[in-house]
Amino acid sequence: MSGSSRIVAVLGPTNTGKTHYAIERMLGHRTGIIGLPLRLLAREVYDKIVAIRGPSVVALVTGEERIVPPRTQYWVCTVEAMPEGMGADFVAIDEIQLCTDPERGHVFTDRLLRSRGTSETLFLGSDTMRGPISALVPEAQFVRRERMSQLVYAGSKKISRMPPRSAIVGFSVDNVYAIAELLRRQKGGAAVVMGALSPRTRNAQVDLYQNGEVDYLVATDAIGMGLNLDVNHVAFSSLTKFDGRRMRPLAPNELAQIAGRAGRGMSDGTFGVTGEAPPLDDGVAQAIMDSRFTPMKKLNWRNAVLRFGSIEALINSLEVSPDNENLLKARPADDLNVLKSLSQVTEVMARASDPQSIHLLWDVCRIPDFRGISHAEHASLLEVIYGHLHERQSIPDDFMARQIRRIDRTDGDIDALSKRLAYIRTWTYVAQRNGWVRDESHWREETRTVEDRLSDALHDRLTQRFVDRRTSVLLRRLKQKEALLAEVNDKGEVTVEGEFVGRLEGFRFIPDKAAQGTEAKALKSASLQALAPQFHLRADRFYNAPDTEIDFTEQGGLMWGEYAVGKLVAGAEPLKPMVEVFVDEAAGPDVEQKVQRRLQHFIDRKVAALFEPLLNLSRDEELSGLAKGFAFRMVEALGILPRAQVAQEVKDLDQDARGALRKHGIRFGQFTIFMPLLLKPAPTRLRLVLWALSSGLQEFPEAPPPGLVTVPVAKDAPQGYDTMCGYRDAGERSIRIDMLERLADMLRSEDSRGGFEAKPDMLSITGMTLEQFADLMQGLGYKAERGEREKVKAALAEQTAADVPEQPAAEETPADAVATDDAPAPAEALAEATESTEAAAEAPAAELASDEPEVEVFYTFTWGRQRQQNRGPRREQGQGKGKPRGKPQDGRGKPHGKKGGKPQGAKSFSSRPPKKEKAIDPDNPFAAALMGLKDGN
């Protein structure tokens, strides 16, 4: 670096504004880098600078997070992640006294010796670093900053007597959790802050404390590293900590670093001890208050000039001893220990055969052991990562996906979530390394998303476990046997004595999900006791509610507004469903019976209104014989019967029976026997529910959208679903049965044996393209032969129109030529045929003017089903040529063609006397024509 760079060591106790001063100095330069001891603190400083300069010029780089805008000017990093060789104008290292830390000290010492800004360099930390900095950086200037407020020793206090706005410090996870649990029971709750928490969880917990929702904070020594909190008192629950190798007492300067968090700005603070921690010695307490500590003499150091000729050379270069009396060789760190372990693996040694491979191995070894399971497991994981990187130059996507998928779960308790957070940090670190994964942005976002999800879940669990004010209130009132006041707002939220306890959904109380264990039981007990009057008031309001407020779902649920209050269950008959209610046992039998009666009245009236034609049919006492049996079949089938299923019954019905059934709105179609009124959306929706109930289905299929002529075939639907919907499956789509009958009326006049083409009216009523129509016809039993031809010119069309023979008058068409009961009148069929002919004759002028022949696609349809004994189509007696009988051999409604004469094949005989000639049904739309024919004969 340039020798003209200004180097300043800003030293002093906590609460002197050193970090704030460094931020101001950095923003005074065009570019700058600041290194911080924790990623939590790095995030806090990053947010402050972003608020001043905006996110487009500020980068955040830690081992597990990398936000680098294209126009970055200011870099906020953890000390380990500080970029080298940037040539920034300004460089600052915070908490420089960590040069003496047994594990991370060598990194801080390296930055002290080698990191410089081209214009200014700042070292921030404790005044105990003055001696080593003077010896190692002779050109450094020193600035002493005094604490802005007083720090006073307050002695020992019990947790139950801890003043508000206190932070209690523990040095193990178990200790922190135990203290937080005690504070929850005695003080209403506490926020938890630990170094292992993600920034997102830590910030959420700090906000819980800063916003005043809780008055206490339980933390590890992580709060000593520059985290700014509104703390008035700091209490130590222990004066010893495990440093990774052994339990050791905390040095006075370490205690001061933590105690100094009490009192911010100009506010004074206090510190002391609690729990099993012994009182501080007077000398130690006074030293903390006066910020007088033993000066540091030696800093941890590790060689930064590494040799990558071989693994052995790399290890030797890492173990070089310092040649300066102010430096102390650092103890082997995790990365060096892993390197030594992997150097014993044959496969790793075979891969690490050149400097580039050895450098890659060292980069992999520097992945921190976030999981902290064991050295062997950590080394094993790094071996796998190194193998992927060396062999494929990147970690496979499927491998990354598997690792992340195993971690991406938000179930479990605090410990489980904390472990998953530690695990995801490994893969977050891997994703942040340039070139280690193929799609860096994807995996960085993926790992960050999982970490955020786990962080939110962990914050929720911490809050659920360690924050509670309502339980103590409710339990105290219950013990005093006082009446509890419950209120339910319009959203169903229940409060007891002003505390939110859950929701009232219909007639069931849903306790607050944040409550667990004993707390949940207490909440439910207190709530149900207070809600007893509310249940009766709500039941009365429900019983008098109009039917418009109640509805059924397509899955058989019964809703009162947005709340489920019951469900339908199968009754003795499909049209008589029963009701099962959802009512808490605590509401009492009176409430349950009232809800039961109201729901049964609702569904009975709904069935009576929507299925009135069917119910009238079932109650018609004038029906007898075959007509009565057929009516029973219709009621049992909820108003829709495929004709193929009742072909013989329909054949056996005489005209009187059919007339009696038609009076109830039954239509005898070529494909389906149905009641048109029951095809409307409302009856269809209820019919599907009643059918699913009577069929014992576990999952009820939903009705198609109303108003559609055709819908895609439901592939996995239960058998009979299409019929209950009012549709018939044909090919890839289902067609509404009333439209299918209209189509059948059109097809009846076509030559199904010689072949015919689709008319525009056929496509119009189905709303299909020609290709879709061809698929539909094949589903109905036709063969569709595709062809292409030259489009007919206008002149030819006119000639064709001139050659069309004059059509016979409607009254000349024999009325008995219609094979089905409800076909359209012959005059209507003639009008449709005439319109089709006229439309074909009107070719656009543009087409006639074109010289190039235009090609059009057409389909020729012929009946494709086999007939018994290869017989031709049968005709009724007296049926004219070209008027086929509508009923096919298989009962599925095959229209017959024009050709053919009298029926051929074997005759059938019967021992019964000849049937009496059927009387003509006066309700038949063709009754007049039939009577005329009969008289003519």
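Note that the coordinates shown come from a computational prediction; the quantities given were computed from them, not determined experimentally. (Residues numbered from 1 in each chain as written. Predicted model: local features only at pLDDT ≥ 70, side-chain atom pairs only at ≥ 80, totals over all residues. Heavy atoms only, no water.)

Asks: Whenever I open this one, the overall build of the protein chain confuses me. Can you help?
Replies: A tally of helices and strands in the protein chain yields 32 helices and 34 strands. Every one of the 937 residues in the protein chain was classed for burial, and the buried ones make up 47%. Within the protein chain, residue pairs in contact and separated by at least 24 positions form 69% of the contacts whose partners lie at least 6 positions apart. Total accessible area on the protein chain stands at roughly 45400 Å², and carbon and sulfur atoms take up 49% of it. (Helix = DSSP H or I, 4+ residues; strand = E, 2+ residues; numbered from the N terminus. Buried < 20%, exposed > 50% of the residue type's maximum accessible area, 1.4 Å probe, protein only. Contact = heavy atoms within 4.5 Å. Areas by Shrake-Rupley, 256 points an atom, 1.4 Å probe, with all protein chains shown as cover.)

Asks: What's the story with the pattern of salt bridges in this structure? I'm lost.
Replies: Any two side chains of opposite charge can pair if their charged atoms end up close together. Counting across every chain of the model gives 51 salt bridges. Here aspartate 540 makes a salt bridge to lysine 594, at a shortest N to O gap of 2.6 Å. Taken as a pair, aspartate 540 in helix α18 (residues 517–543) and lysine 594 in helix α19 (residues 589–610) lie far apart in primary sequence, 54 residues in all. The salt bridge involving aspartate 745 is made with arginine 748; its shortest N-O contact spans 3.0 Å. Both residues of the pair, aspartate 745 and arginine 748, belong to the buried class. Here the residues in one salt-bridge network are Arg43, Asp47, Glu65, Arg200, Arg448, Asp452 and Asp456, joined through shared partners. (Salt bridge = Lys/Arg side-chain N within 4 Å of Asp/Glu carboxyl O.)

Asks: Hey, could you run me through unusual backbone geometry in this one?
Replies: Peptide bonds are trans in most cases, and residues, glycine excluded, mostly fall at negative phi. One non-glycine residue, asparagine 15, lies in the positive phi region at around 60°. Within the secondary structure, asparagine 15 is located in the loop between β1 (6–11) and α1 (18–27). On the basis of relative accessibility, which here comes to 6%, the residue asparagine 15 falls in the buried class.

Asks: Teacher, can you tell me more about helix α14 (residues 397–407) here?
Replies: Three- or four-residue spacings in an α-helix give side chains the same orientation, since the helix completes a turn every 3.6 residues. The set of residues buried in α14 consists of Phe399, Met400, Gln403, Ile404 and Ile407. Viewed end-on, α14 has its buried residues packed into an arc of 125°, placing them on one side of the element. Counted as exposed and oriented over 90 degrees from the buried face of α14: Arg405 and Arg406. (Arc of directions from axis to C-beta.)

Asks: Is there a simple way to think about the packing of aromatic side chains in this case?
Replies: In this description, an aromatic ring pair is defined by two values, namely the gap between the centres and the angle between the planes. Per the stated rule, a full pass over the model turns up 13 aromatic pairs. By the ring-pair criterion, three or more aromatic residues cluster together here, those being Phe756, Phe773, Tyr782, Tyr859, Phe861 and Trp863. Sitting above the plane of the phenylalanine 552 ring, arginine 685 keeps its charged end 4.1 Å from the centroid. (Phe/Tyr/Trp six-rings, centres within 6.5 Å; stacked < 30°, edge-to-face > 60°. Lys NZ or Arg CZ within 6 Å of the ring centre and 35° of its normal.)

Asks: I would appreciate a short explanation of the side chain of threonine 201 in the present structure.
Replies: Examined against the element boundaries, threonine 201 turns out to sit in helix α6 (residues 199–210). A polar contact is formed between the side chain of threonine 201 and the side chain of serine 198, at a distance of 3.1 Å. Within polar-contact distance, the side chain of threonine 201 engages the backbone oxygen of serine 455 at 2.9 Å. Sequence-distant contacts of threonine 201, defined by excluding residues within four places in its chain, comprise Leu421, Ser455, Asp456, Leu458, His459 and Leu462. (Polar contact = N/O pair within 3.5 Å; in protein donor to acceptor, adjacent residues only side chain to side chain.)

Asks: Sorry, what's going on with the sheet that holds strand β31 (residues 727–730) here?
Replies: By definition, the strands of a sheet pair up through backbone hydrogen bonds, in either a parallel or an antiparallel sense. In spatial order, the strands read β30-β32-β31; together these three strands make up an open sheet with antiparallel pairing. Each end of this open sheet is capped by a strand with a single partner; those strands are β30 (710–712) and β31. For this sheet, the mean angle separating the axes of adjacent strands, direction not counted, is 30°. Bridge count for β31 against strand β32 (residues 733–736) is four bridges, and the pairing is antiparallel. The residue bridging tyrosine 727 from the neighbouring strand is arginine 736, located in β32. The sheet strands contacting helix α26 (residues 737–747) are β31 and β32, and the helix crosses β32 at an angle near 85°. (Pairing = 2+ DSSP bridges. Axes fitted to C-alpha atoms, helices over the stretch in contact; angles between N-to-C directions.)

Asks: Sorry, what's going on with the nonpolar core here?
Replies: Generally speaking, a soluble globular protein has its nonpolar side chains buried in company with each other. Core analysis: the largest hydrophobic core is formed by 65 residues, its most contacted members being Phe507, Leu575, Leu599, Leu617, Phe630, Leu661 and Ile673. When residues of this core are assigned to their parent elements, the largest contribution, seven residues, is made by helix α24 (residues 681–695). Beyond its immediate chain neighbours, meaning those up to four positions away, leucine 617 contacts Leu623, Ala631, Met634, Val635, Leu661, His664, Ile666 and Met675. Val176, Met194, Tyr216 and Leu454 belong to the second largest nonpolar core, which has 62 residues in total. (Core = buried A, V, L, I, M, F, W, Y, C linked by side-chain atoms within 4.5 Å.)

Asks: Is there a simple way to think about the pairing of strand β25 (residues 563–569) in this case?
Replies: The side chains of a regular strand alternate between both faces of the sheet. In the sheet, strand β24 (residues 557–560) pairs with β25 via four bridges, with the strands oriented antiparallel. Each residue of the ladder has a partner; that of methionine 559, found in β25, is alanine 564. Linking two consecutive strands that pair antiparallel, namely β24 and β25, is a turn of two residues; a positive phi of about 70° is found at glycine 561 within it. Judged from the four bridges that link them, β25 and strand β26 (residues 578–581) form a sheet pairing that is antiparallel. Across the sheet, the residue bridging to valine 569 is methionine 578, located in β26.

Asks: Explain the confidence of the model for the protein chain here, please?
Replies: When pLDDT drops low, the exact placement of atoms in the prediction is not to be read closely. Per-chain confidence: the protein chain averages 82 in pLDDT, with 81% of residues scoring 70 or above. Across the protein chain, strand β6 (residues 90–93) holds the top mean pLDDT of 96, while helix α30 (residues 826–841) sits lowest at 40. Note that residues 804–850 has pLDDT below 50 and, in this model, 65 contacts with residues that lie over four places away or in other chains. Note that residues 867–913 has pLDDT below 50 and, in this model, 84 contacts with residues that lie over four places away or in other chains. (pLDDT = per-residue confidence, 0-100.)

Asks: Is there a simple way to explain the side chain of arginine 147 in this structure?
Replies: Looking at the secondary structure, you find arginine 147 in the loop between β8 (141–144) and β9 (151–156). Polar side-chain contacts of arginine 147 include one of 2.8 Å to the backbone oxygen of serine 149. Among the polar contacts listed, one links the side chain of arginine 147 to the backbone oxygen of glycine 260, at a separation of 3.3 Å. For arginine 147, the contacting residues outside a window of four places in its chain are Pro13, Thr14, Asn15, Thr16, Gly260, Ala262 and Gly263.

Asks: When you look at the packing of helix α9 (residues 311–318) against helix α10 (residues 334–342) in this model, what are you seeing that I'm missing?
Replies: A packed helix pair is summarised by two numbers, namely the angle formed by the two axes and the spacing between the axes. Where α9 meets α10, the closest approach of the two axes is 11 Å, and the angle between their N-to-C directions is 155°. With respect to each other, α9 and α10 are oriented roughly antiparallel. Our pair here, α9 against α10, has a crossing hand that is left-handed. Contact with α9, carried on its side by Ile311, Leu314, Ile315 and Leu318, involves Leu336, Leu339 and Lys340 of α10 and no other residues of that element. Here the contact of α9 with α10 is built from residues that sort into six nonpolar, no polar and one charged. (Parallel < 35°, antiparallel > 145°, perpendicular 65-115°, else oblique. Left-handed = near helix turned anticlockwise from the far one by under 90°. Nonpolar A, V, L, I, M, F, W, Y, C, P; charged D, E, K, R; others polar.)

Asks: Got a minute to help me understand the sheet that holds β1 in this structure?
Replies: Judged by pairing direction, the sheet is mixed, and its eight strands sit side by side in the order β4-β3-β5-β2-β6-β7-β1-β8 without closing on themselves. At either margin of the open sheet sits one strand with a lone partner, and together these are β4 (66–67) and β8. Judged from the four bridges that link them, strand β2 (residues 32–36) and β6 form a sheet pairing that is parallel. Pairing of isoleucine 33 across the sheet is with valine 91, part of β6.

Asks: Honestly, α19 in this entry has me stumped. Any pointers?
Replies: Compared with the 32 Å implied by 1.5 Å per residue over 22 residues, the 32 Å span of α19 between its first and last C-alpha is a close match. Those residues of α19 that fall on the buried side of the exposure criterion are Val591, Val595, Arg598, Leu599, Gln600, Phe602, Ile603 and Val607. (Expected span 1.5 Å × (residues − 1).)

Asks: I tried to follow the environment of leucine 462 on my own but got confused; where do I start?
Replies: Residue placement: leucine 462 occurs in helix α16 (residues 440–466). Along the primary structure leucine 462 and tyrosine 177 are separated by 285 residues, whereas in three dimensions their C-alpha atoms are 9.4 Å apart. Contacts of leucine 462, omitting those with residues within four sequence positions, involve Tyr177, Val192, Leu197, Thr201, Gln205, Ile414 and Val467.

Asks: Quick question: what am I supposed to make of the environment of proline 706 here?
Replies: Counting through the fold element by element, proline 706 comes out in the loop between α24 and β30. Here the alpha-carbon distance between proline 706 and threonine 684, two residues 22 residues apart in the chain, equals 9.4 Å.

Asks: Where do I start with the environment of leucine 677 in this structure?
Replies: Counting through the fold element by element, leucine 677 comes out in the loop between β29 (672–674) and α24. For the pair formed by leucine 677 and proline 613, sequence separation is 64 residues and the distance between their alpha carbons is 7.8 Å. With sequence-adjacent residues up to four places away left out, leucine 677 is seen in contact with Pro613 and Pro683.

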